[in-house]
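Residue-level structural notes
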Amino acid sequence: MTKLNLNKISNYYLKKIGFDKKYKFKARICEICNSKENELIQKKISIGNKKFLDFPIVVCKKCGFVFQAIKYEKKFYKDFYGKMYRKIAYKNIDPSKAFINRQKIRAKHFYNFMRSNFKLKKNGSMLDVGCSVGEFLRPFMRIGWNCFGNDPDKSFVEYGRKSLKLPIKYEMAEDMSFKSKFDLSIIIGSLEHCFDPNKVLNKIYKYSNKDAKILISGRGIPRSSNKIYFNHNHHRYFSYNSLELILMKHGFKPIFSTIYPITGNADERKNEIFCLAVKYPKYRGKLKEILKYSKIETVKTVQYFFKNSENRKTKHYIF
Ligand SMILES: [Zn+2]
């Protein structure tokens, strides 16, 4: 177990990112395998404007999952995403036209990808978790699908509902509930951000029809050499292995994992990896067996990727 003075790190960190209040926190255990055993892999993260702060990232000794060592109480993340995120990320509360257009283009790419590779059923249904303004739903709505999205970013959701007339809701994915089930769920670049990925995937399983598909994307290791990749918003860092493992744990069978840009070749999303999976109840509750025979990374293999990524070229990244 890495010995770090998390209290001191947290106090300093909160102050520096502009929170006067103190929030409770815990040392995060591995969200995939529940192990408490981990090793420090990186000391600092980016807080924007070429500034870096101590905020430890660790790697699980049992399964190789990489995550932030500090997990705050839920309220902190709600406050953060509700108020701070867009201000820090884009210095603007409302989405820009360019942002919306980019999302529309990405949605079109995704729809075309799905349509050309799978038979999309009539009157299907779709859920977008962490939907932002919700444009990913539109191409599927056009073919008569019943669509729904949610996001913890209040101003973006309000914009999507009022100005774009999209069926989305301001809520944390952990709190979602529905009267019907879905044929396709997508989590595009937001499983890294959510409070409890297990709760989110549990709910998606519960609200998935038989043979329903799920697509998850995130910035991948080691492909992401973007300096600000290691920042506050990414509570965890997925690889092909860990994406597949967490999906299997929750009763989904990976169909394939790829760096192919399913949502188009946008510059700012260069390092995105994707995993497409299908509901597969046999895997559910079988994590022990799955861990025994597949999908394990070791501290050494993860460290190797980290050390050989372009991030290492800057002195801010210190083991
Ligand atoms: Zn683990």
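Residues numbered from 1 in each chain as written. Predicted model: local features only at pLDDT ≥ 70, side-chain atom pairs only at ≥ 80, totals over all residues.

**A look at the overall build of the chain**
Secondary structure summary: the chain contains nine helices and 13 strands in total. Residue burial in the chain is summarised as follows: out of 319 residues, 40% are buried. In the chain, the proportion of contacts linking residues at least 24 apart, taken out of those at least 6 apart, comes to 71%. (Helix = DSSP H or I, 4+ residues; strand = E, 2+ residues; numbered from the N terminus. Buried ≥ 20, exposed ≤ 12 C-beta atoms within 10 Å, placed from the backbone. Contact = placed C-beta atoms within 7 Å.)

**Quick word on the nonpolar core**
By size, the foremost hydrophobic cluster in this structure holds 73 residues, and its most contacted members are Val66, Ile214, Ile216, Leu243, Leu247 and Cys275. When residues of this core are assigned to domains, at least three fall in each of domain 1 (6–92 + 296–313) and domain 2 (97–293). Setting aside residues no more than four positions away along its own chain, Leu243 makes contact with Ile216, Gly218, Phe238, Ser257, Ile273 and Cys275. (Core = buried A, V, L, I, M, F, W, Y, C linked by C-beta atoms within 7 Å. Domains from an automatic or database assignment.)

**Some points on the sheet that holds strand S2 (residues 38–48)**
With antiparallel pairing, four strands are arranged side by side in an open sheet as S2-S3-S4-S11. Of all strands in the sheet, those with a lone pairing partner are S2 and strand S11 (236–237), marking the two edges. Bridge count for S2 against strand S3 (residues 51–60) is eight bridges, and the pairing is antiparallel. From the neighbouring strand, Gln42 faces S3, where its bridge partner is Ile57. Against the sheet, helix H1 (residues 6–16) engages S2 and S3, with an angle of about 135° to S3. Running at roughly 30° to S2, helix H9 (residues 299–308) makes contact with S2, S3 and strand S4 (66–68) of the sheet. (Pairing = 2+ DSSP bridges. Axes fitted to C-alpha atoms, helices over the stretch in contact; angles between N-to-C directions.)

**A short note on helix H6 (residues 197–206)**
Each α-helix turn comprises 3.6 residues. Residues three or four places apart therefore point the same way. Taken together, the buried positions of H6 are occupied by Pro197, Val200, Leu201, Lys203 and Ile204. Summarising the axial view, the buried residues of H6 lie within an arc of 155°, below the 170-degree limit, and thus occupy one face. Check the buried side of H6 and you find it contacts strand S6 (125–129), strand S9 (182–188), strand S10 (208–219) and helix H7 (240–249). (Arc of directions from axis to C-beta.)

**As for the sheet that holds strand S7 (residues 146–151)**
Sheet architecture is open: seven strands sit in the order S8-S7-S6-S9-S10-S13-S12, paired in mixed fashion. The strands lining the two open edges of the sheet, one partner per strand, are strand S8 (168–170) and strand S12 (252–258). Across the sheet, the axes of successive neighbouring strands diverge by a mean angle of 15°, strand direction being ignored. Pairing of S6 with S9 involves three bridges; the strand directions are parallel. By the bridge assignment for S9, Asp128 is matched with Ile186. In the packing of helix H5 (residues 154–162) onto the sheet, contacts are made with S7 and S8, and the angle to S8 comes to roughly 150°. Relative to S12, H7 is tilted by about 165°, and along the sheet it contacts S10, S12 and strand S13 (272–279).

**A closer look at H7**
Of all 10 residues that make up H7, 10 are buried, and the element is covered over most of its length. Of all the positions in H7, only Tyr240, Asn241, Ser242, Leu243, Glu244, Leu245, Ile246, Leu247, Met248 and Lys249 are classed as buried. Buried residues in H7 make contact with H6, S10, S12, S13 and helix H8 (287–293). Gly251 lies just past H7 and shows a positive phi near 90°.

**Comments concerning the pairing of S7**
By the bridge criterion, five bridges tie S6 to S7 in an arrangement that is parallel. When the bridges of S7 are listed, Ser125 appears paired with Asn146. As defined by bridge partners, S7 adjoins S8 across three bridges and the pair is classed as parallel. Following the sheet pairing, Asn150 is matched in S8 by Lys169. Crossover S7 to S8 through H5 is right-handed. (Right-handed = clockwise from strand over helix to strand, strands pointing away.)

**Considerations on the confidence of the model for the chain**
Taken residue by residue, the chain gives an average pLDDT of 88. The fraction at 70 or more is 89%. Of the regions scoring below 50 in pLDDT, residues 315–319 engages in 10 contacts with residues more than four places distant in sequence or in other chains. (pLDDT = per-residue confidence, 0-100.)

**Some points on unusual backbone geometry**
The phi dihedral of Asn123 falls on the positive side, at around 55°, and the residue is not glycine. Inspection of the secondary structure puts Asn123 in the loop between helix H3 (97–117) and S6. One non-glycine residue, Lys165, lies in positive phi territory at about 55°. Relative to the elements of secondary structure, Lys165 occurs in the loop between H5 and S8.

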